[in-house]
Amino acid sequence: MKYFKLIYLLFFPLLSYSQAPSWGVYQMEYSGGVIGSTMVDMNLKSQAPNQYFPFLVVTGVDYEKCRENGMPTKDEMTVLYEIEDEIGQLLSSKMLAGAFTADCRRLSFFYVSDTLGIRGTLQKYYKSKRSNYSEIISIKEDKQWKEYLTFLYPPDEPVKHNNENDLGERLKELEEAGVELSKFDKAYYTLQLKREGDVVALMNRIGKLGFTKEVLYTEKSTNDQVLIISHETPITQEDMDYNLRYIKKTAKKHNGKYIEWSLNLPEN
């Protein structure tokens, strides 16, 4: 499938099969108008290809509880997560590289050290526990991690969310792409201010409301102060909208401006 349009990309931390994954979720429109959502462990890029995991197992199911755009319903997504977790428990030596969801089908990509007995184990699992689904099982050698590097890994830079007016749309897209927003209890906001004194004054004001300074650095091209703050809050439209409006208004009072929000600590 050839892509031609990146819709959005976000990064967020989530404990899973590797010790410290950094999951990215992005959605793209492919040829034929098919919408595909990809979840990928961005941290694996630094070690790809990993010589200890030269084989790739791609497995998953076709699902019937499907939205018009081919994405699963919220209830179906919960089941698909369960299937992925159960398969992960069946594979003894593996790395979960990512997952791809499109056109009423979800596939998980596991790199493994050995393929002995895997196909039979997966067939037995699907037959005994998920017989109401049509399963897909593909096992092949991928020493160069081509599928990870050329298919799962995002082709473009992430789209920044810098307009609170599209907040509801963005949160809805994330949920439809399979991101469980209830797993997150913190959001990050990036601001740009003129002077260090402005930063101090702003933090004295918003710190009383639970906002925490995470990162502060000087933008070399403008000599402005870039401040990243966080706030523990439910990731809902109501709570996020309140925070965004407050942050934008307060930053303006301190010779600054709001840049973007994220569900993970942005890299500088």
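It should be noted that the structure appears before, not after, this text.
Predicted model only: the values in this text are computed from it and were never measured. (Residues numbered from 1 in each chain as written. Predicted model: local features only at pLDDT ≥ 70, side-chain atom pairs only at ≥ 80, totals over all residues. Heavy atoms only, no water.)

Participant: Where do I start with the state of the cysteines in this structure?
Facilitator: Structurally, a disulfide amounts to a covalent bond that connects the sulfur atoms of two cysteines. Scanning all chains against the criterion turns up 1 disulfide. In this model Cys66 forms its disulfide with Cys104; the gap between the sulfur atoms is 1.9 Å. Across the S-S bond of Cys66 and Cys104 the torsion is about -100°, and the bridge reads as left-handed. You can see Cys66 sitting in the loop between strand S4 (55-62) and helix H1 (74-90) and its partner Cys104 sitting in the loop between strand S5 (94-102) and strand S6 (105-112), a full 38 residues away along the chain. Under the relative-accessibility criterion, Cys66 is labelled partly exposed at 23%. (Disulfide = S-S within 2.5 Å. Helix = DSSP H or I, 4+ residues; strand = E, 2+ residues; numbered from the N terminus. Buried < 20%, exposed > 50% of the residue type's maximum accessible area, 1.4 Å probe, protein only.)

Participant: Just to check I follow, could you spell out the packing of aromatic side chains for this structure?
Facilitator: How two aromatic rings sit relative to each other is set out by the distance from centre to centre and by the angle between their planes. Counted by the stated rule, this structure contains 8 aromatic pairs. Put simply, the rings of Tyr111, Trp145, Tyr148 and Tyr153 pair up and form one aromatic cluster. Lying across the ring of Tyr153, Lys45 places its NZ or CZ 4.3 Å from the centre. (Phe/Tyr/Trp six-rings, centres within 6.5 Å; stacked < 30°, edge-to-face > 60°. Lys NZ or Arg CZ within 6 Å of the ring centre and 35° of its normal.)

Participant: Is there a simple way to explain the packing of helix H5 (residues 196-206) against helix H6 (residues 237-253) in this structure?
Facilitator: Each pair of packed helices gets described by two things: the angle between the helix axes and the distance between those axes. Contact geometry for H5 and H6: axes closest at 10 Å, N-to-C directions at 140°. Regarding the angle of H5 to H6, the classification is oblique. Between H5 and H6 lies a crossing of right-handed hand. For the pair H5 and H6, contact is made by Leu202, Arg205 and Ile206 and by Tyr246, Thr250 and Ala251, respectively. (Axes fitted to C-alpha atoms, helices over the stretch in contact; angles between N-to-C directions. Parallel < 35°, antiparallel > 145°, perpendicular 65-115°, else oblique. Left-handed = near helix turned anticlockwise from the far one by under 90°. Contact = heavy atoms within 4.5 Å.)

Participant: How do you make sense of the side chain of Gln192 when you look at a structure like this?
Facilitator: Secondary-structure assignment places Gln192 in strand S8 (residues 186-193). Separated by 2.7 Å, the side chains of Gln192 and Asp224 make a polar contact. Aside from chain neighbours lying at most four places away, what touches Gln192 is Thr222, Asp224, Gln225, Asn255, Gly256, Lys257 and Ile259. (Polar contact = N/O pair within 3.5 Å; in protein donor to acceptor, adjacent residues only side chain to side chain.)

Participant: Is there a simple way to explain the nonpolar core in this structure?
Facilitator: A general feature of soluble globular proteins is that nonpolar side chains tend to end up buried together. With 47 residues, the main nonpolar core has Tyr189, Leu191, Ile229 and Trp261 as its most contacted residues. It is H1 that provides the largest number of residues to this core, a total of 5 residues. In this view, Ile229 contacts Ala187, Tyr188, Tyr189, Leu191, Met203, Ile206, Phe211, Thr212, Lys213, Glu214 and Ile247; residues no more than four positions away in its chain are not counted. If you look at the next biggest cluster of nonpolar residues, it comprises 21 residues, including Leu44, Ala48, Phe53 and Ala102. (Core = buried A, V, L, I, M, F, W, Y, C linked by side-chain atoms within 4.5 Å.)

Participant: Is there a simple way to think about the environment of Lys248 in this case?
Facilitator: Following the sequence through the fold, Lys248 ends up in helix H6. Sequence spacing of Lys248 and Ile259 is 11 residues, and the spatial spacing of their C-alpha atoms is 8.9 Å.

Participant: Explain the packing of H1 against helix H2 (residues 118-129) here, please?
Facilitator: Close contact between H1 and H2 brings their axes to 11 Å; oriented N to C, the two are set at 140°. Crossing of H1 against H2: the hand is right-handed. Contacts from Ile83, Glu86, Ile87 and Leu90 of H1 reach H2 at Thr121, Leu122, Tyr125 and Tyr126. Residues of the contact of H1 with H2, tallied by class, amount to 6 nonpolar, 1 polar and 1 charged. (Nonpolar A, V, L, I, M, F, W, Y, C, P; charged D, E, K, R; others polar.)

Participant: Mind showing me how you'd approach the pattern of salt bridges here?
Facilitator: It is possible for side chains bearing opposite charge to pair when their charged atoms get close. The tally for this structure, following the rule as stated, stands at 8 salt bridges. Across the salt bridge formed by Asp62 and Arg105, the nearest N and O atoms sit 2.6 Å from each other. Of the two residues, Asp62 sits in strand S4 while Arg105 sits in strand S6, which places them 43 residues apart along the sequence. Given a relative accessible area of 33%, Arg105 falls into the partly exposed group. With a shortest N-O distance of 3.2 Å, Glu86 and Arg130 are connected by a salt bridge. You can see Glu86 sitting in helix H1 and its partner Arg130 sitting in the loop between H2 and strand S7 (134-141), a full 44 residues away along the chain. Here the residues in one salt-bridge network are Glu82, Glu86 and Arg130, joined through shared partners. (Salt bridge = Lys/Arg side-chain N within 4 Å of Asp/Glu carboxyl O.)

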